[in-house]
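Analysis of the macromolecular model
If you want the building blocks of each chain, they are given just below.
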Amino acid sequence: MVRAERNGRLFDAFKEKSVVAIGWPALGDLSDAKSRKAIGEALAKVYAGAKPQSQAMAAGQLHRFVNEMTIGDMVVTYDPSSRVYLVGEIASAYRHDASIDPEDTQVRSVRWDGEVSRDLLSVESRNSLGSISTLFRLSNDVAAELKKALSGNITTPAELSAPVAEAAEEDLFESMASRAHEFIKDKVNA
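Just so we're clear, the structure is a prediction, and the values are computed from it rather than from any experiment. (Residues numbered from 1 in each chain as written. Predicted model: local features only at pLDDT ≥ 70, side-chain atom pairs only at ≥ 80, totals over all residues. Heavy atoms only, no water.)

**Structural notes on the nonpolar core**
What counts is decided by this rule: The set of buried Ala, Val, Leu, Ile, Met, Phe, Trp, Tyr and Cys residues whose side-chain atoms join them within 4.5 Å is what this entry labels a nonpolar core. Burial classes follow relative accessibility: with a 1.4 Å probe on protein chains only, a residue under 20% of its type's maximum area counts as buried, one over 50% as exposed, and anything between as partly exposed. The helix count covers DSSP runs of H or I at least four residues long, the strand count covers runs of E at least two residues long, and both are numbered beginning at the N terminus.
The biggest cluster of nonpolar side chains holds 29 residues, and the ones touching the most others in it are V2, F14, V20, F65 and V75. Elements supplying a minimum of two residues to this core: α1 (11-17), β1 (19-22), α2 (36-46), α3 (52-68), β3 (84-90) and β5 (106-117). Here this core takes 5 residues from α3, the largest share from any one element. The next biggest cluster of nonpolar side chains, apart from the first, holds 13 residues, and it includes Y85, L121, V142 and L146.

What follows is the structure, encoded as structure tokens:
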């Protein structure tokens, strides 16, 4: 999953230009940064005021985007306004390109296969795809469900038993509430 920025603001650009992109533009071209450590060092120089945890997370995401993603890997992005996932595969090596968006200059070309309505997916898949991270790896189950939905061979949630769907949503609510409480405790104790 590569987020199309907050509120999916780059979704249309990703779709029209057949790309996905992430930020950290001040780093410039990372083609020669072949390790997470090298990217972390670049981040520490350019974004010296950032918290170490934020730098570590950014280094991990950038390393995955620049060095680990390969041509043929499945990629997904999301448009929250239309509740649609755009599904495709990576079609190029990493490149630095400011023409997509001045804030998202780390770029990969994509061959888009189609769109999948969020409403077609199971509660478990929707929950998994709801992560707020800019970039994250999909589980094999979620990837398989998206591919199945693309092919039109999926059971819609309306056809699932209501008690199962309600239980899953209730579990999600409890999980979110628990995480929120822990976050509040962390902030109070910091």
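**Notes on the environment of P25**
Basically, it comes down to this: Should any heavy atoms of two residues lie within 4.5 Å, those residues are counted as being in contact.
Within the secondary structure layout, P25 lies in the loop between β1 and α2. Relative accessible area serves as the criterion here: at 34%, P25 is assigned to the partly exposed category. Those residues in contact with P25 that sit more than four places away from it in its chain are Y47, H96, P102, E103, T105 and Q106.

**A word on the pattern of salt bridges**
We count it as follows: Criterion for a salt bridge: a side-chain nitrogen of Lys or Arg within 4 Å of a carboxyl oxygen of Asp or Glu.
This structure, assessed with the given rule, holds 8 salt bridges. For the salt bridge of R9 with D104, the shortest nitrogen-to-oxygen distance reads 3.7 Å. Of this pair, R9 sits in the segment before α1 while D104 sits in the loop between β4 (95-96) and β5, placing them 95 residues apart in sequence. Residue class for D104 comes out buried when judged on its relative accessible area of 3%. For R111, the salt bridge goes to D113, with nearest N and O atoms at 2.3 Å. We classify R111 as partly exposed; its relative accessible area is 42%. Using a relative accessible area of 40% as the deciding quantity, one classes D113 as partly exposed. Within this structure, R9, D101, E103 and D104 form a network of salt bridges that share partners.

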